Amino acid sequence: MKISMRWLAEWVAVPDADQTARALTERGLEVEGIERRGDNLAGVVVAAVRARQPVAGSDHLTLVEIFDGVSVHQVVCGAPNVPAPGGRVAWARPGTTLPGGLSIGVRELRGVRSAGMLCSEQELGLGDSHDGIIVLEADAEAGREIASELMLRDVVLEVNVTPNRGDCLSHLGIAREASAAFSLPLTLPRVDFAALLGGAGAGAAAAITPPVAIDDVVGCPRYQARVIDGVRVGPSPLWLRRRLEAVGVRPISNLVDVTNYVMFDRGQPLHAFDHARVAGGAIAVRRARAGETLVTLDGVTRQLETGDLLICDAERPIALAGVMGGKDSEVSEGTTRVLLESACFEPRAVRVPAKRLGLHSEASQRFELGVDVAGVDASSQRACALLVEVAGGRVAGQGSDLWPRPLEPLMIPLRRARLHAVLGLDVAAPEVRRLLGGIELGEAGGGAAGADGEVLRFQIPTFRTDLTREVDLIEEVARLCGLDKLPATLPSVSRAPARSGDRVAERARELLAAAGLHEILSYSFVAPAALAARGFADDDRRARPRRVANPLRLEQSAMRTAILPGLAAALAHNQAQRVHDVRLFEVGPLFLPRAQGADDPELCDEPWVAGGLLAGERDGWLRSGGPLDFFDARGVVEALVHGLTGHAPTLAATSVVPWLHPGVAATVSVLGRELGVVGEVHPRVRDALGLTGVVFAFELGLDPLRSAPPAQLTRPGRFPGSSRDVSCFIGVDIPAARVQSVLAAAGGALLAEVRLLEDYREAGKVPAGQKSMLWTLTYRSPERTLTDVEVDAAHAGVVAALASELSATLR
Amino acid sequence: MSESPTSESLITELDELGVAFSAEIAALASEPDIRAAQARYLGKKGRVSEALKALGKLDPAARKAVGEVGNRVKSGIEAAVSARLVALADAVRQADLARVVDVTLPGRGARLGTLHPMTQARREMELIFAELGYEVATGPQVESDFHNFEALNIPKDHPSRDMQDTFYLSPLWSGAATETLLRTHTSPVQARTMLRQPPPVKIIAPGAVYRRDDDPTHSPQFMQIEGLLVDRVGKVSMADLKGTLLHFVRRYLGDDLQIRLRPSFFPFTEPSAEVDMSCVFCRGAGAGCRLCKGTGFMEIGGSGMVDPEVFRAVGYDPEEVCGFAFGMGIDRMAMLKYRIDDIKTLYEGDVRVLRQFP
């Protein structure tokens, strides 16, 4: 809400803008900006024309002699409307920079020296008119700043009014707060309504009392209709236009401007109907029926819904209550008799249709936050007075005021003990009375001491619709006495924490960082195409991600069902920056749609996963470390799973993961649970995600690891082991894991460790279809030192098994 | 037959052997050579041993005198061997110590990766609160309208809904009843926790939240940390809230910082307050500071005393219990700590940036 300091000063004699802003901010009305209007016109002054003559050799230039209150200057002007001597114009001195950025200096035109410039409205940013220069009132004082002359000087505060303080969406509301803050009296402008009615004399208009009926007292607690007769539509006077401009509203015509003015002045939205276009001159407030429509002010035909609150005349809807008026009944240039609505509508009755139709306005906003039902008449009277002043009308009688159920005064008790307990600050009763009294909360009934200790009772003014409970009063006391008065203490509450965050996810992060990967955070919503590129089986629920209904952009519209897209985007970003050795990971949730019959089916399963992406070369020392391969990715996965469970994962080749290379992919399991996959990203997926070069990736579920048992000690053997090597040629298709399991089975209880030292398969150096393998086997007994004879016997069995079970040829 | 040795000639021979040995090993530069030389003199058939075989032919008196000489020569040889070996080892040590490496060459071994600056910030914040006895609580990010709004005193068709621009999810099937959304704050964790357990409650809830906002200072996804403390009336007050926030800010960003609570409005707290802290750049001095625009303070979050309506929605009796809640952006705190000026930097995954936060 914009607050004009000039306007505010009519209500209360506030100090300067900075002090006012600070006081409001401290009271919860945060001033987010201070605009000093008119400052941008410094250097433009009123000048009196002394003489004018055409410039020789030009058909449109005029040489004007002007006086700026101190001295005389010559300026060449191209406008056709230079006034005769004695006229007043707006002159920009040399050295001025106009709002549009134009620098004014001394120039020569057609050989004539020209100092400064005579300005048009457009050049001063005051309007669109560029037909000619501004011609001011003839009595304007030469030398006076144009900003002052045109009433442009003002300081405007941008106040962030929170949704509970609808009463502060007006200069009156802000003035109340300022009055309390500075202990200054509020000047309530008195409207002498009786005088406006003109008594019974000749100047009085014939009384017109519009019939008003309210069908729904909940939706419309009060409706007041007055008629102002004999108005002449035209532009508003300068002061009124400037006020509206200061608060960001474009002046339209005196009738409309007055309703807007009163709304910003007192917070009461008003509507002016053209009385001649209100059938029967009658008002009925009712809910819409099925199928009704209304053409609103903006010319759009609105489909109404049953229950929308309508203002109707004798025949048809003429306004959507509190939201927008109808086109048929709006005031226009020919309007001579106005029916002025001042009413109170229930917040929800305004908010629901306003939201549905996208018609939020200054008026609807005020109704939504609650207007002062008791202030309806005062606002109407103020508007009447202004219409008489600026549109020449006469008020046609008292009009109608329907308020079927006037408010009971609201009393709220405040227990001082409770106040103390909530704030941690003991505010004495007289101070509470003083603070609340400052914002017009009068004490009713006096402090009574009962079972609850001292209880103060306050009557709530009608404009404070937000104060309904004791805790609201506690907040007011806190706000008014200043939160800086609160001591800073630590609570004595103790509760033994039962959890401490997601240990598995945290450990996963640490392990992956230790393995040389950098953690990223990416958005949970991704491009549907990126998920599709990753590929899922049709019956996989990950193929049908939940969609954001109102995304900012398509690329952020699918809730991720895989961790890959975010990592891929980060890799692409790095590759675009020519950073190619990139190892990234992310730990976070996926969002998987639930089945229709599940608990909370509208929510998602949010399994936590760890994903990684590796591209480029591994670290070398004083030379390249060589391109990364599958085993670098596998090494990371092994470190992660082992670090989380104490067990090495089992990897099994898989060729059916759609986003991984069919020959370079494996499932990862541990303790009999499959966690996910690791492999080379499929070239097709790589291309679709905009990645270059070979990329390795993994995605492992962390949730299955949450219940992993702690590692259990196996005591290291006390007796030395004995090692034997075995080297053989073996079929190239036999996986290392298969060889290892044969070795382990054949070695029996004495075989303590099996290590692969070499896997060599260069063509020409090994028999066709074979590879060369070198294994080291360590034999050990927990009970004694083995003899060579025992070891040789065990090893012979192993070697024999290699030959018999895997057709290996010993070397 | 050979001339039988006299004691004098034997003594001379032994002495000469001692001298000869000294000369011999002076030229030797390895332990095996020295041991071999030692064996040549002192071994069973060594020259000293051979010479001493003649001892038996001497009379007992002479035998004793020559024997003493023999022992002297033997121990002299042994001492010479030891000395020579020590000297050799010393020479080897000295040669080794003459070795020089270029210590300015880079270290070998894979470089460590990094935890994201926001992860680091979050963990540090969690730790500060954990030390105060807070429990870390989590909840779903895809939330129901009830937990995100209604349970927090933000009813449908209420203007306070406009304070947060919400991402909604498209319904899964036509006629799906409730509105599903991406949580706009971590506050639903409050509601879920209170629905699950009786007071006292002492939690912090860190996590990702989503708002339909996208400009240089806002990201549609960011991270919040939320605190909630609930106990019997009288056990927890707004002064405690202030003290807790002050403690946190000082632990996280420096002991010289101050806290300022400014009255505000949130539907789920009453009284409500914005939380400002001293500007981390000018440390509260204000004048001329561009970061805080000269105010000396910067806003870091919202806070307040839990609204009775929230207690009612989760089945707590607002007459019996009282509590405070606060929330702030982890992104913002991390950005202030690490002087990151654009929130998008946090979500790009640029390795050159991430490396700077080991």
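Cut-offs used in this document
- Residues numbered from 1 in each chain as written.
- Chains lettered and ligands numbered in written order.
- Predicted model: local features only at pLDDT ≥ 70, side-chain atom pairs only at ≥ 80, totals over all residues.
- Heavy atoms only, no water.
- Helix = DSSP H or I, 4+ residues; strand = E, 2+ residues; numbered from the N terminus.
- Rg over C-alpha atoms; globule rule 2.2 N^0.38 Å.
- Buried < 20%, exposed > 50% of the residue type's maximum accessible area, 1.4 Å probe, protein only.
- Contact = heavy atoms within 4.5 Å.
- Areas by Shrake-Rupley, 256 points an atom, 1.4 Å probe, with all protein chains shown as cover.
- Lys, Arg positive; Asp, Glu negative; His and termini not counted.
- Charge placed at Lys NZ, Arg CZ, Asp CG, Glu CD.
- Domains from an automatic or database assignment.
- Disulfide = S-S within 2.5 Å.
- 1 Å grid on protein atoms, 1.4 Å probe; cavity = no way out; pocket = protein on both sides within 12 Å on 5 of 7 lines; lining within 4 Å.
- Points joined across faces, edges and corners; volume = space filled by probe spheres on them.
- Nonpolar A, V, L, I, M, F, W, Y, C, P; charged D, E, K, R; others polar.
- Buried area = accessible area lost by both parts, 1.4 Å probe.
- Salt bridge = Lys/Arg side-chain N within 4 Å of Asp/Glu carboxyl O.
- Polar contact = N/O pair within 3.5 Å; in protein donor to acceptor, adjacent residues only side chain to side chain.

Q: Sorry, what's going on with the overall build of chain B here?
A: Each helix and strand in chain B was counted, giving twelve helices and nine strands. At 43 Å, chain B has a C-alpha radius of gyration far larger than the 21 Å of a compact globule built from 358 residues. On the principal axes, the C-alpha backbone points of chain B span a range of 135 × 50 × 45 Å. The burial tally for chain B puts 53% of its 358 residues in the buried class. Within chain B, contacts between residues separated by at least 24 positions form 66% of all contacts whose residues are at least 6 apart in sequence. Summing over all exposed atoms, chain B offers an accessible surface of approximately 16,200 Å²; the carbon and sulfur share of this is 54%. Positive and negative side-chain charges in chain B, numbering 43 and 48 respectively, have mean positions lying 7 Å apart.

Q: What exactly am I supposed to notice about the overall build of chain A here?
A: Helix and strand counts for chain A come out as 20 helices and 42 strands. Relative to its length of 811 residues, chain A is extended, with a C-alpha radius of gyration of 42 Å against a globular reference of 28 Å. The principal-axis extents of the C-alpha atoms in chain A amount to approximately 135 × 90 × 60 Å. For chain A, buried positions account for 51% of its 811 residues. The long-range share in chain A, meaning contacts at least 24 apart out of those at least 6 apart in sequence, stands at 68%. By element, 51% of the accessible surface of chain A is carried by carbon and sulfur atoms, the whole surface being about 35,500 Å². Averaging the locations of the 86 positively and 99 negatively charged side chains of chain A gives two centres separated by 2 Å.

Q: Honestly, the domain arrangement of chain B in this entry has me stumped. Any pointers?
A: You'll often see interface size given as the accessible area lost when the parts meet. For chain B, the assigned domains read domain 1 (7–97) and domain 2 (117–354). Computed from C-alpha coordinates alone, the two centres of domain 1 of chain B and domain 2 of chain B are separated by 89 Å.

Q: Looking at this structure, how should I read the state of the cysteines?
A: In protein structure, a disulfide is the covalent linkage between the sulfur atoms of two cysteines. All names here are of chain A. The final tally for this structure, using the stated rule, is zero disulfides over all chains. Just so you know, C312 is unpaired, no disulfide at all, and the nearest cysteine sulfur is the one on C220, 12 Å from it. For C312, a relative accessible area of 3% corresponds to the buried category.

Q: Sorry if this is basic, but what is going on with empty space enclosed by the protein here?
A: Over the atoms rolls a probe the size of a water molecule, and its path tells where empty space is left. In the structure shown here, the tally under the stated rule is three cavities of 30 Å³ or more. As for the largest cavity, its lining consists of R27, G28, L29, T162, N164, R165, E475, E476 and R479 of chain A together with P263, S264 and F265 of chain B. Going through the elements one at a time, α13 (470–481) of chain A together with β6 (259–266) of chain B are the ones with two or more residues in the lining of the largest cavity. A per-class count over the lining of the largest cavity returns three nonpolar, four polar and five charged.

Q: Looking at this structure, I do not really get the interface of chain A and chain B. What am I missing?
A: Between chain A and chain B, the contact holds 91 residues from the first and 103 residues from the second. Of the roughly 8,200 Å² buried between chain A and chain B on both sides combined, carbon and sulfur atoms contribute 56%. Our count for the chain A to chain B interface comes out at eight salt bridges. The shortest N-O distance in the salt bridge between E30 of chain A and R262 of chain B comes to 3.6 Å. For the pair chain A and chain B, the number of links is 44 residue pairs in polar contact (both at pLDDT 80 or more).

Q: I keep staring at helix α10 (residues 330–338) of chain B and nothing clicks. Help me out?
A: Given 3.6 residues per turn, any residue in an α-helix points the same way as the ones three and four places further on. Residue and element names in this part refer to chain B. Counting buried residues along α10, seven of its nine residues qualify, which places the element largely inside the surrounding structure. Residues of α10 that are buried: I330, D331, M333, A334, M335, L336 and Y338. Of the residues one or two after α10, R339 is the one with positive phi, at around 55°.

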